[in-house]
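# Analysis of the macromolecular model
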Amino acid sequence: MIRLEGIMTALVTPMNEDGTVNEQELISLIDYQIEHKVSSLLILGGTGEYTSMTYEEKCQVIDISVRAVHKRIPVVAGVLDTGIGECLKFCKYCKQAGADALLVCTPYYFSSTQEALVEYYTTVDREVDLPILVYNIPSKTGVNVTPDTMVKLTEKMKNLVGIKECAAIGQAIELYLKVGKKINVLTGSEFAAVALMAYGFDGAVMATANVVPDAWVKMYELVKKGKVNEAMELFLKYAPLFHAIFSENYVGPLKYAMERAGISCGQSQLLPLIAPKPETLKLVGAQMRSLGLTV
């Protein structure tokens, strides 16, 4: 089974002002992340604006990313679709393109039952022979994969290797107790990440690692060494910045923070995302300055 532990950056997708993908900035961003010792990269998750892109644009981003990474670390392709047809189509493309694993989001809009979720994921497992992580983010989708359903999926799926869990911390702990010894269990919550890694989670999938990868790698390393208090102190140092970034639809504030740090990624986003409010940018800028992160 592929080991996915440590910090996986949920990578932003650099955009030109006309909304097209900025290939050179994407390549540079990938190199920057690898140089700063993240363990893996999530391409085209929510942070990468998957749901706003055309199929052709998503294929372009995966192709560029797989080539740029060049097997230095695992490439996990995010797949966030409402139905099985588009999901399977893009999963198969990602396999052909050379992605190492798939992060498959729960289907949303329809309120799927737990039985339907089992059928959905086992269908992907049967049709696409590639390592799969379940992506559970009920706050965004309105659909929750319960720990008991994850137990069933570990029994029914041959390619299941992990989960990105973004449910409340109580459910996350229950999940870990039930499947933590069978699959990679990663948190997608900035504000619970250190605690959950201390409880035993294998790592974290972090959007804010785009701007402070060193800090997140250090937090993970401290936890692994048993220095949980030091990891907590380091998190608290950066928590006001994370709050500022997430105070509005976070992709725009995150890209702004990256630009302030000298990490070129452009500040364009695709609709329905729009430019952050001036007060949000002011808040993010103030936190960046207080941490000495601006160039």
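Please refer to the structure placed before this passage.
Let me begin by describing the structure that accompanies this report.

What counts as what
- Residues numbered from 1 in each chain as written.
- Predicted model: local features only at pLDDT ≥ 70, side-chain atom pairs only at ≥ 80, totals over all residues.
- Heavy atoms only, no water.
- Axes fitted to C-alpha atoms, helices over the stretch in contact; angles between N-to-C directions.
- Helix = DSSP H or I, 4+ residues; strand = E, 2+ residues; numbered from the N terminus.
- Parallel < 35°, antiparallel > 145°, perpendicular 65-115°, else oblique.
- Left-handed = near helix turned anticlockwise from the far one by under 90°.
- Contact = heavy atoms within 4.5 Å.
- Nonpolar A, V, L, I, M, F, W, Y, C, P; charged D, E, K, R; others polar.
- Disulfide = S-S within 2.5 Å.
- Salt bridge = Lys/Arg side-chain N within 4 Å of Asp/Glu carboxyl O.
- Pairing = 2+ DSSP bridges.
- Core = buried A, V, L, I, M, F, W, Y, C linked by side-chain atoms within 4.5 Å.
- Buried < 20%, exposed > 50% of the residue type's maximum accessible area, 1.4 Å probe, protein only.
- Expected span 1.5 Å × (residues − 1).
- Arc of directions from axis to C-beta.
- Lys, Arg positive; Asp, Glu negative; His and termini not counted.
- Polar contact = N/O pair within 3.5 Å; in protein donor to acceptor, adjacent residues only side chain to side chain.

What follows concerns the packing of helix α10 (residues 228-245) against helix α12 (residues 278-290). Here α10 crosses α12 at 165 degrees, and the two axes come no closer than 9 Å. Taken together, the axis directions place α10 and α12 in an arrangement best described as roughly antiparallel. Crossing angle aside, the handedness with which α10 passes α12 is left-handed. Contacts between α10 and α12 pair Pro-240, Leu-241, Ala-244 and Ile-245 from the former with Thr-280, Leu-283, Val-284, Gln-287 and Met-288 from the latter. A per-class count over the contact of α10 with α12 returns seven nonpolar, two polar and no charged.

A word on the state of the cysteines. Applying the stated criterion across every chain yields a total of zero disulfides. Looking at Cys-59, it has no disulfide partner, and the nearest cysteine sulfur is the one in Cys-94, 7.2 Å off.

Okay, the pattern of salt bridges next. In this structure the tally under the stated criterion is nine salt bridges. Close ionic contact of Lys-71 with Asp-100 constitutes a salt bridge, the shortest N to O distance being 3.2 Å. Separated by 29 residues along the polypeptide, Lys-71 in the loop between α2 (55-69) and β3 (75-79) and Asp-100 in the loop between α3 (84-97) and β4 (101-105) bring together distant segments of the chain. When the shortest N-O distance is used, the salt bridge between Glu-127 and Lys-92 registers 3.8 Å.

Strand order in this closed barrel of eight strands is β1-β2-β3-β4-β5-β6-β7-β8, and the pairing throughout is parallel. For this sheet, the mean inter-axis angle between neighbouring strands, taken without regard to orientation, is 25 degrees. Bridging between strand β7 (residues 184-187) and strand β8 (residues 203-206) involves two bridges; their strand directions are parallel. Following the sheet pairing, Thr-187 is matched in β8 by Ala-204. Against the sheet, α2 contacts β2 (40-43) and β3, and its axis sits at roughly 165 degrees relative to β2.

Our focus in this paragraph is the nonpolar core. Core analysis: the biggest nonpolar cluster contains 116 residues, and Phe-90, Leu-102, Val-104, Met-150, Val-211 and Trp-216 have the highest contact counts within it. Residues within four places of Met-150 in sequence aside, it is in contact with Val-134, Val-145, Leu-160, Ile-163, Leu-175, Val-179 and Ile-183.

Between the first and last C-alpha of α12 there are 18 Å, a value that for 13 residues agrees with the 18 Å anticipated at 1.5 Å per step. Residues Thr-280, Val-284, Gly-285 and Met-288 constitute the buried set of α12. End-on, the buried residues of α12 take up no more than an arc of 130 degrees, which puts them together on one face. Of the exposed residues in α12, those oriented more than 90 degrees away from the buried face are Pro-278, Glu-279, Lys-282 and Ser-290. Of the surrounding secondary structure, the elements contacted by the buried residues of α12 are α10 and α11 (251-260). Positive phi appears at Gly-292, one or two residues downstream of α12, with a value of about 70 degrees.

Attention shifts here to the environment of Leu-153. By the element assignment, Leu-153 lies in helix α6 (residues 147-156). Taking the C-alpha atoms as reference, Leu-153 lies 11 Å from Gln-114; in sequence the two are 39 residues apart. Dropping the residues within four chain positions of it, Leu-153 is found in contact with Val-118, Tyr-121, Thr-122, Val-134 and Leu-160.

Here the focus is helix α7 (residues 169-179). Those residues of α7 lying buried are Gln-171, Ala-172, Leu-175, Tyr-176 and Val-179. Take α7 and look down its axis: the buried residues cluster within an arc of 140 degrees, on one side only. As for α7, its buried residues are in contact with β5 (132-136), α6, β6 (160-165), β7 and α8 (193-199).

A few words on the side chain of Glu-165. Looking at the secondary structure, you find Glu-165 in strand β6. Despite its burial, Glu-165 remains without a salt bridge, the nearest opposite charge being carried by Lys-164 at 10 Å. Here Asn-136 takes part through its side chain, which lies 2.8 Å from a polar atom of the side chain of Glu-165. Beyond its immediate sequence surroundings of up to four residues, Glu-165 is in contact with Asn-136, Gln-171, Ala-172, Leu-175, Leu-186, Thr-187 and Gly-188.

With that settled, consider the packing of α2 against α3. When two helices pack together, their arrangement is given by the angle between the helix axes and by the axis-to-axis distance. Here α2 crosses α3 at 25 degrees, and the two axes come no closer than 10 Å. When the interaxial angle is binned, α2 and α3 end up roughly parallel. Here the hand of the crossing between α2 and α3 comes out right-handed. Across from Tyr-55, Lys-58, Cys-59, Ile-62, Asp-63 and Val-66 in α2, the residues of α3 making contact are Lys-89, Phe-90, Tyr-93, Cys-94 and Ala-97.

So far we have only geometry, and geometry alone does not tell us how the molecule works.
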